[in-house]
Amino acid sequence: MTRIIALLNEKNHYLEKFYSLNETELANFAQAQFDNLDSFYQTRERILDVIKYVDAQIERINDDTQALTAITDVERNQVREALAIKDQYVAKIIEQDIQVLACIEMAKNSIIRELQDLRKSRKAIGGYKTKTFNQRLDEEV
């Protein structure tokens, strides 16, 4: 059981890293700095891969020792505490992800608006150039 508790604590450690990574990037996103977006997502994926591996280890050990050992009250409390910490991190990470998505959505909408404004400007300039060119042709004839 001590190995499972150690793995639960290790999982919480990686959830904390995930949370810290999100906090850092949220500060950048709030300032419209998206230069590190690819690296951010790659790092998140690597952390999630480690967490999946830890979960698989917990599952394997749990399946192997479930019927063999009795759990003490101290171990039960340690497991409960580790699971409560995990739940807290998961809830915080979900909130962060909603904020990350909102920042990215705002940036995307801003880019779309800029592109639409640029298209309108080009169209207006194109109309002006065409009109002037046609007027010159009419004057020369």
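Residues numbered from 1 in each chain as written. Predicted model: local features only at pLDDT ≥ 70, side-chain atom pairs only at ≥ 80, totals over all residues. Heavy atoms only, no water.

The end-to-end C-alpha distance of helix H2 (residues 37-65) is 42 Å, a good match for the 42 Å that 29 residues give at a rise of 1.5 Å each. The set of residues buried in H2 consists of Phe40, Thr43, Arg44, Ile47, Ile51, Val54, Gln57, Ile58 and Ile61. (Helix = DSSP H or I, 4+ residues; strand = E, 2+ residues; numbered from the N terminus. Expected span 1.5 Å × (residues − 1). Buried < 20%, exposed > 50% of the residue type's maximum accessible area, 1.4 Å probe, protein only.)

Glancing now at a nonpolar patch on the surface. Where nonpolar side chains cluster on the molecular surface, the patch consists of Val90, Ile94 and Ile98 and spans about 260 Å² of accessible area. Structurally, valine 90 is set in helix H3 (residues 73-140). (Patch = residues over 30% accessible without salt bridge, like charges linked within 9 Å, V, L, I, M, F, W, Y side chains within 5 Å. Areas by Shrake-Rupley, 256 points an atom, 1.4 Å probe, with all protein chains shown as cover. Salt bridge = Lys/Arg side-chain N within 4 Å of Asp/Glu carboxyl O.)

What follows concerns helix H1 (residues 2-30). The periodicity of an α-helix, 3.6 residues per turn, causes residues three or four positions apart to be oriented the same way. For H1, with 29 residues, the first-to-last C-alpha span of 42 Å sits near the 42 Å given by 1.5 Å per residue. One or two steps after H1, the chain reaches alanine 32, where phi turns positive at roughly 60°.

This part is about the pattern of salt bridges. Evaluated as defined, the whole model comprises five salt bridges. For aspartate 97, the salt bridge goes to arginine 44, with nearest N and O atoms at 2.8 Å. Taken as a pair, aspartate 97 in helix H3 and arginine 44 in helix H2 lie far apart in primary sequence, 53 residues in all. Given a relative accessible area of 22%, aspartate 97 falls into the partly exposed group. In this structure arginine 44 comes out as buried when scored by relative accessible area, which is 11%. As a salt-bridge pair, lysine 108 and glutamate 105 come within 3.3 Å of each other at their nearest N and O atoms. With lysine 108 and glutamate 105 both in helix H3 and three residues apart, the pair spans about one turn of that helix. Look at lysine 108 and you get partly exposed, because its relative accessible area is 41%. Relative accessible area serves as the criterion here: at 37%, glutamate 105 is assigned to the partly exposed category.

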